[in-house]
Amino acid sequence: MPPRYLGVMLLKGKKVVAQRAFVYNKKQVMIGQIFELGGFENDALLLRLKYVIPFKKTMSIFKCDRCGAEFVSQAYRDIHTKTMHIANEVEKKEVLKKQLAGLMI
Ligand SMILES: [Zn+2]
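What counts and what doesn't
Residues numbered from 1 in each chain as written. Predicted model: local features only at pLDDT ≥ 70, side-chain atom pairs only at ≥ 80, totals over all residues. Buried ≥ 20, exposed ≤ 12 C-beta atoms within 10 Å, placed from the backbone. Helix = DSSP H or I, 4+ residues; strand = E, 2+ residues; numbered from the N terminus. Arc of directions from axis to C-beta. Contact = placed C-beta atoms within 7 Å. Pairing = 2+ DSSP bridges.

Undergrad: Break down helix 3 (residues 74–86) for me, with residues and values.
TA: Those residues of helix 3 lying buried are Y76, R77, I79 and H80. Relative to the axis of helix 3, the buried residues are bounded by an arc of 160° and lie together on one face. Turned more than 90 degrees from where helix 3 packs its buried face, Q74, H85 and I86 sit exposed. Close packing links the buried residues of helix 3 with strand 4 (33–36), strand 6 (62–63), strand 7 (70–71) and helix 4 (89–100).

Next up, the structure:
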């Protein structure tokens with residue numbers, strides 16, 4: 001098994017926290033969102049570029065009551081709920097654009 005493949009497999013299922021908004025595995029993730037890495041080739045790159053940081057057990061979890069997405073703070077959870085479930089498409093794009101630029105970290 002090549003080492004590169006081994007590295008990818010080790011990251012599969014690892015819980016991480018998004019540091020900006022981006023699309024992962026065809027799903028939109030937002031700042032502060034906790035999700036599991038899928039074992040894709042770019043997973044290590046996401047960590048290296050700080051798009052995500054490892055989730056630590058000492059971090060809190062706040063769940064979106066609409067879709068079950070998990071966040072490390074109530075504020076991030078509330079921004080997600082408002083943006084993804086309440087805002088219109090224009091407002092949604094605006095927030096995601098800001099988060100992509102890292103303006104709401
Ligand atoms: Zn949600």
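Back to the text.
Undergrad: Describe the pairing of strand 4, and please don't skip the residues or the numbers.
TA: As paired strands, strand 1 (residues 15–18) and strand 4 are joined by 3 bridges and run antiparallel to one another. Residue pairing in the sheet places V16 in a bridge with F35 of strand 4.

Undergrad: Describe the sheet that holds strand 4, with residues and values.
TA: Strand pairing in a sheet is mediated by backbone hydrogen bonds. Such pairs are either parallel or antiparallel. What the 5 strands build is an open sheet, ordered 5-1-4-7-6; its pairing is antiparallel. The two strands at the open ends of the sheet, each matched to only one other strand, are strand 5 (52–54) and strand 6. Sheet topology places strand 6 next to strand 7; 2 bridges connect them, and they run antiparallel. Within the sheet, the bridge partner assigned to K63 lies in strand 7 and is E70.

Undergrad: How would you summarise the environment of G13 if you had to cite specific residues and measurements?
TA: Examined against the element boundaries, G13 turns out to sit in the loop between helix 1 (3–11) and strand 1. G13 sits in the exposed class, given 10 other C-beta atoms within 10 Å. Sequence separation between G13 and L37 is 24 residues; the distance between their C-alpha atoms is 5.1 Å. Filtering out sequence-adjacent residues up to four positions away, G13 remains in contact with E36 and L37.

Such coordinate-based values are descriptive only and should not be taken to indicate function.
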